[in-house]
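# Structural overview for review
Given next are the chains, with one letter for each unit.
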Amino acid sequence: MVEVNSVLHFHNTENNRKEPFKPLVEGKAGLYTCGPTVYDYAHIGNFRAYLFEDVLRRYLEFRGYEVNHVMNLTDVEDKIIRRARETGKTIYECTAPYIDAFFEDLDTLNIKRANQYPRATEHIEEMLSMIRTLRDKGFTYEKDGSIYFRIREFKEYGRLSGVRPEDVLSGARIDSDEYEKDDARDFVLWKAKKEGEHFWETEFGEGRPGWHLECSAMSIKYLGEQFDIHCGGEDNIFPHHENEIAQSEGCSGKKFVNYWLHCRHLLVDGEKMSKSKGNFFTLRSLLDKGFHPMAIRFFIISNHYRSPLNLTMDSLQAAHSAWSRIMDFRQRVKERIASNVEAPKQIDLQREMDACLTRFIEHMDDDLDTPRASSALFDFIRDANKIFDSEAVGSKQAQEALELLDRVDETFGVMKEDEALLDDEVDQLIQERQDARKNRNFARADEIRDLLAGKGIILEDTREGVRWKRR
Ligand code: AMP
Ligand code: ZN
């Protein structure tokens, strides 16, 4: 076991400082991450947020914390209601296919499932109860059938984002779930029904909840009035998370969240990737271009979550090559294990392995510095490859190298192999392709090559026969 002297630190948006992580309960971490609005496919920008949160959650687990991770599904909101009205469907019919697609995409990107995925539509009672408390404490007022939160009443409004309530014009209200940075307004907790819209019948009248309220209600329900970490993309800082603090602390009178972590945006040509700008790629569209899902994952997670990241086909290609280096090395290690070579322990290799793991932990402890943690891995691969080239590394030590890769991958999650085909199945298909060629059935031979390519198997015709490797 390597010796590690570093302490896990996170950059806290609330005070713009790196702080040591001290959970409320020793050994446990409560984590709430804002989830998707399920009116369409999530784009790869959204997945930057979910991948950063996945790495955070995995690394907390790597560091021995028992994580309770909750992610909401926003299944009622302005855009969903509009879509339902336009198509004549219910909001549930509008969201169901995208909820399925979301979970499929999580699996494709090897994102671990949260412990809970509460849905807004199933927590209306919890939201009403918060409105009741806020009303009784004097934070709310009613106007035209909607209930608003008066932000001037919450003395600490602006603590997270710096947007001051003094800037709000008296009575300036906002009904929309999303609004511009720095635009302080009284925000809506409960929206009066408009004709033809989905609504709930309640003591506050017919209507539906505001978006901000759902995250307060569901995080408190599943994680308590106080919990450790709350995350999202940087666009969530204001107004969404600022409003969550106002509602939650307005209700409980206690500090809501201790660590606020936000990832910078994924950009396209220097602009935020977003649905409304139309400059987005879905995961599916990148897979159609031939990128391996694990290379896409590596592209995103190997960049620091607090640096802006520009998506280009060249940068994805470069990430694909880097990721292939990891996978090629892993394959080499596995072949060495399988070869059952006995050899004395290589001290040099042991030293490289220890250095890799120590550096990996120190960098990840430093606010999840994945670029430097990746460098530690690549330095190890470079040096270990040389040792594998020049000296006999035995199977037993190769097994230890594989265990190191697996340790790193508990956090990175990029070394998942294409499981669909086992080695034997690949061999069988290659044999079938050879037979098809012999019988001049070139169509079938090509079909098999394409099928294998789709599963990430690359064939190479050599004089000694067909060789293959995984992409
Ligand atoms: P939404 O469905 O718009 O509420 O977004 C879901 C999550 O994705 C939130 O945490 C957003 O902050 C995040 N997000 C949206 N667009 C981007 C982007 N271009 N880059 C990174 N995160 C994003
Ligand atoms: Zn939220």
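Above this text sits the structure in question.
Our subject in this report is the structure included herewith.

Cut-offs and rules
- Residues numbered from 1 in each chain as written.
- Chains lettered and ligands numbered in written order.
- Predicted model: local features only at pLDDT ≥ 70, side-chain atom pairs only at ≥ 80, totals over all residues.
- Heavy atoms only, no water.
- Helix = DSSP H or I, 4+ residues; strand = E, 2+ residues; numbered from the N terminus.
- Expected span 1.5 Å × (residues − 1).
- Buried < 20%, exposed > 50% of the residue type's maximum accessible area, 1.4 Å probe, protein only.
- Contact = heavy atoms within 4.5 Å.
- Donors = N, O, S within 2.8 Å, 3.2 Å for Na, K, Ca; no water.
- Pairing = 2+ DSSP bridges.

### Here we look at helix H12 (residues 395–412)
- Taking 1.5 Å per residue, 18 residues should reach 26 Å; H12 reaches 25 Å between its end C-alpha atoms and fits that length.
- Within the span of H12, buried status applies to Ser395, Gln397, Ala398, Ala401, Leu402, Leu404, Leu405, Val408, Asp409, Thr411 and Phe412.
- Those residues of H12 that are buried are in contact with helix H1 (44–62), helix H8 (293–301), helix H9 (313–338), helix H10 (347–365) and helix H11 (370–390).
- One or two residues past the end of H12 sits Gly413, with phi positive at roughly 65 degrees.

### Examining helix H6 (residues 237–252)
- Where burial is concerned, most of H6 is hidden: 16 out of the 16 residues are buried.
- Remark: Gly253 follows H6 within two positions and exhibits a positive phi of approximately 70 degrees.

### Some points on the coordination of the zinc ion (ligand 2)
- Coordination sphere of the zinc ion (ligand 2), protein contribution only: Cys34 (SG), Cys215 (SG) and His240 (NE2), at 2.0 to 2.2 Å.
- In terms of primary sequence, the donors binding the zinc ion (ligand 2) are separated according to C-x180-C-x24-H. In this pair, Cys34 sits in the loop between strand E3 (28–33) and H1 while His240 sits in helix H6, placing the two residues 206 residues apart along the sequence. Side by side, Cys34 and His240 carry an identical accessibility label, which is buried.

### Some words on the pairing of strand E2 (residues 17–20)
- Note: strand E1 (residues 9–12) against E2, four bridges, orientation antiparallel. Across the sheet, residue Asn12 finds its bridge partner in E2, namely Arg17.
- In textbook terms, the turn of a hairpin is the stretch between consecutive antiparallel strands, and for E1 and E2 this stretch comprises four residues, one of which, Asn16, has a positive phi near 60 degrees.

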